[in-house]
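Now for the letters of each chain:
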Amino acid sequence: MVSNTNYEPTEISKFEGRVTGPTELTVVLPTYNESKNVPIVVELLDKALAGVAWEVIVVDDNSPDGTSKVTAEIAQQDPRVRIVQRIGRRGLSGACIEGMLASSSKFVAVMDADLQHDESLLPKMLDALRSESYDICVASRHVEGGDVGTGLSSIRAWGSNLANNLARKFLKVELSDPMSGFFMLRRDRFVELAPRLSSQGFKIMLDIVASGKGALRVKELPFVFRERQHGESKLDTLVTMDYLGLLVSKIFDDKISVRFLMYSMVGGTGVVVHLIALKIFLAVFGMTFGLSQLIATFVAMSSNFFLNNRLTYRDRRLTGLAWVKGLLTFYVICSFGILANVGVAELIYTNKPIWWFAGAAGAVMGAVWNYVVSNALTWRKG
């Protein structure tokens, strides 16, 4: 049996000075519309990791800008470059997990392809892990020497700080920057934790550390967040709900799925939308209560469908004709959900006339019905 405990230096090849032999480090780049940035990142990695046996795995979510094609062309010239093209699956965390599992290196790193992460920090992170004193090395914007720089707007910087505080308080994650997306860890430790990780969301490093429950030995190194060079950020305001779903899931020790939590949060916004729409149809248009309630119900269901398609099921997002078909099936599913809600509530109230308990039980039953059936029919896996 070959031991992976100690990595032996490999010989330097005459082929452009590249290190040959077993790959020590895999850099995973999750991408979506990064065709202009990938070639630049590969060149920067080549300079930063001179003397290291490395590879880069670009995990692309079938970008319409041809990111996969550009990467494949680079891979034809450089065997250290690999491409994993995902079709029908989306999401940063899932892409990172697939990329790290596709590696056979002793160490794996995750960084953005938008040039906001400083690749020159990789050798220092590698040295920290080679010492065998740490399991994961995190690039932090909040330790001495680190800075958010100009890479984040003031609003996103505020949101990032709030998310950091929530993670430290509720998950007991002792990191200065738990929202960092730039890190390196031992692959064997990652494989141990992989079954507990969520493929949804954007904060894979937080998920890894929280799932480790304090067992991971962490090293933080400072870095300055840089400006994006090409393209646009894929993060939007809906990511806040995505993050909160992960936070609650970890608080309950992964007993509740992140997807169900996000589905429920979307349902909560639907209640607000319903009440606003009901008030408008009653006060502005002077409709009867029954008709206003009916229209408001469909407005709320439409809002829920849109948000679930954008957030909860972003990895199975429906478009075109499938979007229309999905909306119609969602209407039907939620209609039966209302019947399930009322039926369970009335049954409980008849036996135990406590209005709030009966109402809550009916609401939970309706939510579970809607989630299970829409997961199987509206956003079923291809």
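Here the structure is a predicted model, which means the values were calculated and not measured.

Description of the nonpolar core
Line of reasoning, step 1. Ranked by internal contacts, the top residues of the largest apolar core, which has 32 residues, are Leu25, Val27, Leu45, Val56, Leu122 and Met184.
Line of reasoning, step 2. Of all the elements in the fold, those that place two or more residues in this core are strand E1 (25-31), helix H1 (37-48), strand E2 (54-60), strand E4 (107-110), helix H4 (122-130) and strand E5 (136-140).
Line of reasoning, step 3. Take this core: its biggest share by element is five residues, from H4.
Line of reasoning, step 4. Discounting chain neighbours no more than four positions away, the residues touching Met184 are Leu25, Phe107, Val108, Ala109, Leu122, Met125, Leu126, Leu129, Asp135, Ile136 and Cys137.
Line of reasoning, step 5. Counting 31 residues, the second largest nonpolar core, distinct from the first, contains Met179, Phe190, Val209 and Ala210.

Looking at the sheet that holds E5
Line of reasoning, step 1. Read from one edge to the other, the open sheet built from seven strands follows the order E3-E2-E1-E4-E6-E5-E7, with strand pairing classed as mixed. Across the chains shown, the open sheet's two edge strands, defined by having one partner strand only, are strand E3 (81-85) and strand E7 (218-222). Neighbour-to-neighbour, the strand axes of the sheet open up by a mean angle of 20°, direction not taken into account.
Line of reasoning, step 2. Where E1 meets E4, four bridges bridge the pair, whose relative direction is parallel. The residue bridging Val27 from the neighbouring strand is Ala109, located in E4.

Brief notes about helix H7 (residues 204-211)
Line of reasoning, step 1. Counted residue by residue, H7 has eight buried out of eight residues, so it is predominantly covered.
Line of reasoning, step 2. Taken residue by residue, H7 has Ile204, Met205, Leu206, Asp207, Ile208, Val209, Ala210 and Ser211 as its buried positions.
Line of reasoning, step 3. Looking one or two places after H7, you find Lys213, whose phi comes out positive at around 50°.

Comments concerning the packing of aromatic side chains
Line of reasoning, step 1. Summed over the entire model, instances satisfying the criterion amount to ten aromatic pairs.
Line of reasoning, step 2. Note on Phe260 and Tyr371: the rings are 5.1 Å apart at their centroids and 70° apart in plane angle, and the pair reads as edge-to-face. With a gap of 111 residues between them, Phe260 in helix H9 (residues 258-283) and Tyr371 in helix H12 (residues 355-376) connect regions that are remote in the sequence.
Line of reasoning, step 3. Tyr371 gets classed as buried once you look at its relative accessible area, which sits at 15%.
Line of reasoning, step 4. Judged by centre distance (5.7 Å) and plane angle (65°), the ring pair of Phe330 and Trp379 falls under edge-to-face.

Describing the pairing of E1
Line of reasoning, step 1. With respect to burial, E1 is a largely interior element, seven of its seven residues being buried.
Line of reasoning, step 2. Here E1 shows no split at all, with Leu25, Val27, Leu29 and Thr31 on one side and Thr26, Val28 and Pro30 on the other all buried.
Line of reasoning, step 3. By the bridge criterion, seven bridges tie E1 to E2 in an arrangement that is parallel. Across the sheet, residue Leu25 finds its bridge partner in E2, namely Trp54.
Line of reasoning, step 4. Remark: the E1/H1/E2 crossover connection has right-handed handedness.

Section: the confidence of the model for the chain
Line of reasoning, step 1. Of the residues in the chain, 84% reach a pLDDT of 70 or more, and the chain-wide mean stands at 83.
Line of reasoning, step 2. At the low end of the mean pLDDT range in the chain sits helix H5 (residues 154-170), at 64; at the high end sits E4, at 98.
Line of reasoning, step 3. Between residues 1-15, whose pLDDT stays under 50, and residues either more than four places distant or in other chains, the model counts 22 contacts.

Quick notes on the rules
- Residues numbered from 1 in each chain as written.
- Predicted model: local features only at pLDDT ≥ 70, side-chain atom pairs only at ≥ 80, totals over all residues.
- Heavy atoms only, no water.
- Core = buried A, V, L, I, M, F, W, Y, C linked by side-chain atoms within 4.5 Å.
- Buried < 20%, exposed > 50% of the residue type's maximum accessible area, 1.4 Å probe, protein only.
- Helix = DSSP H or I, 4+ residues; strand = E, 2+ residues; numbered from the N terminus.
- Contact = heavy atoms within 4.5 Å.
- Pairing = 2+ DSSP bridges.
- Axes fitted to C-alpha atoms, helices over the stretch in contact; angles between N-to-C directions.
- Phe/Tyr/Trp six-rings, centres within 6.5 Å; stacked < 30°, edge-to-face > 60°.
- Right-handed = clockwise from strand over helix to strand, strands pointing away.
- pLDDT = per-residue confidence, 0-100.

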